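# Fold and contact review
These are the residues of each chain, in order.
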Amino acid sequence: MLQIPANPEAITREWLAQVLDAPVSGCRVAAAHAGTTGRAVIEISYREPVELPARLFVKLPPTEPQQQAFVVSNGMGRREVRFYQQLAPALPLRVPRCYFAECDDRGEAYIMLLEHLEDSGCSFRNARTHYSPEYLRSVLAAFARLHATFWESPRFAADLSWVKPPMQQPIALKLVERALQQHAVQMPAVFRELGELYLEHSDAIHRLWCAGADTLVHGDVHDGNLFMDGAEPGFLDWAVLARAPGMRDVGYFLAGTVHPEDRDSFADLLRFYRAELEKQGVAAPGPDELWRQFQWHSAYVWLGAAVTLAMGDAWQPVNYLQASLKRLHGALEDIGTAQALREALLSR
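This report concerns the structure included in the present document. (Residues numbered from 1 in each chain as written. Predicted model: local features only at pLDDT ≥ 70, side-chain atom pairs only at ≥ 80, totals over all residues. Heavy atoms only, no water.)

## Description of unusual backbone geometry
Even without glycine at this site, glutamate 152 takes up a positive phi of about 45 degrees. Following the sequence through the fold, glutamate 152 ends up in the loop between α4 (133-149) and α5 (170-183). The backbone of aspartate 237 shows a phi angle near 50 degrees, a positive value even though the residue is not glycine. (Helix = DSSP H or I, 4+ residues; strand = E, 2+ residues; numbered from the N terminus.)

In structure tokens:
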């Protein structure tokens, strides 16, 4: 198998010429960053005109040992490589174009050469701004196209058998406990309430999150993993894609994104998503069932924020997370997430 560069500096002209099948005459690393994964931008020159970009975005394993072990143990790099190899070209929504993707058998070494989205005229939004109803509906319509395509698909037992239900991480219990110890005093009551529910009933909550019709979900749709190509939303970072109910995406996105002034629109937005599923030929769950799933899955975005907060500034700046949680806690109170979880847990 072709050797996979260990870092951006190991990407050579000769290696690029081989994987791109192009007359590459030179390359340089224009930018590099290591966080939850390794990222870089490379500039490429060619000996003759080709239909290939002058810059590519590169994804590699993280350099920090603890984060690298986390990514490998979760199969994140290998999963995203397989997404670009097998799924991305046929998806009914906008994703970055992939020019090359490969990983080793263990998922310890991997690389993706992706479209540099800003060079393609794409832009990035941020959930701290007031998103319009039109934008929210455009994302929900994209979700519906994705989810309808794979709704209870027989492919999950065939060529997509590698797409598994969301992983339940044992380390999450330790991190939630740490987050409660470090931050519960200055947080609203819902922070402790959800944390204690998760610590006591984590297995049952994960079973709730898997209850319903399976489909392909992105699994991590926050503002940092979205871009805009004109009026069309696009989706980045598919490392935690999974087989799960579609509300895993919808609940995660809406609870973490909708502006406080617009929270009375949650029910209307769910009706819109359901109607979009039906347009695609899906026998969608009824409104009451969708609302219950929405209440349950809204807690998933809280879990992600809480475990990230427990890591200090290692994964995201603490100040950013605290601001995000302030907005999220208000949404979870309006949705009634903690009470809905408690009632569901008592009835099972």
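## Overview of the packing of helix α9 (residues 287-310) against helix α11 (residues 337-346)
Running from N to C, α9 and α11 point in directions that differ by 115 degrees, and their axes come no closer than 8 Å. In terms of orientation, α9 and α11 fall into the roughly perpendicular class. Note that α9 runs across α11; the crossing there is left-handed. Contact with α9, carried on its side by Gln295, Trp296, Ser298 and Ala299, involves Thr337, Ala340, Leu341 and Ala344 of α11 and no other residues of that element. Tallied by class, residues from the contact of α9 with α11 come to five nonpolar, three polar and no charged. (Axes fitted to C-alpha atoms, helices over the stretch in contact; angles between N-to-C directions. Parallel < 35°, antiparallel > 145°, perpendicular 65-115°, else oblique. Left-handed = near helix turned anticlockwise from the far one by under 90°. Contact = heavy atoms within 4.5 Å. Nonpolar A, V, L, I, M, F, W, Y, C, P; charged D, E, K, R; others polar.)

## Concerning the sheet that holds strand β3 (residues 55-60)
The strand order β1-β2-β3-β5-β4 describes an open sheet built from five strands, whose pairing is antiparallel. What marks the edges here is a single partner per strand, and that holds for β1 (24-34) and β4 (98-103). Taking each pair of neighbouring strands and ignoring which way they run, the sheet shows an average axis angle of 25 degrees. With nine bridges connecting them, β1 and strand β2 (residues 38-46) associate as antiparallel partners. Across the sheet, arginine 28 pairs through a bridge with glutamate 43, a residue of β2. (Pairing = 2+ DSSP bridges.)

## Here we look at the packing of aromatic side chains
A complete count under the given rule lists twelve aromatic pairs for this structure. With 5.6 Å between their ring centres and 70 degrees between their planes, tryptophan 209 and tyrosine 300 make a pair best called edge-to-face. Remark: tyrosine 300 occurs in helix α9 and tryptophan 209 occurs in helix α6 (residues 189-209); sequence separation between them is 91 residues. For tyrosine 300, a relative accessible area of 16% corresponds to the buried category. Plain terms: the ring middles of phenylalanine 266 and phenylalanine 294 are 5.3 Å apart, the flat faces sit at 55 degrees to each other, and that makes the pair tilted. Placement of the pair is phenylalanine 266 in helix α8 (residues 266-279) and phenylalanine 294 in helix α9, with a sequence separation of 28 residues. Each of the two residues, phenylalanine 266 as well as phenylalanine 294, counts as buried. Through pairs of rings, three or more aromatic residues link up here, namely Tyr135, Phe143, Phe235 and Phe253. (Phe/Tyr/Trp six-rings, centres within 6.5 Å; stacked < 30°, edge-to-face > 60°. Buried < 20%, exposed > 50% of the residue type's maximum accessible area, 1.4 Å probe, protein only.)

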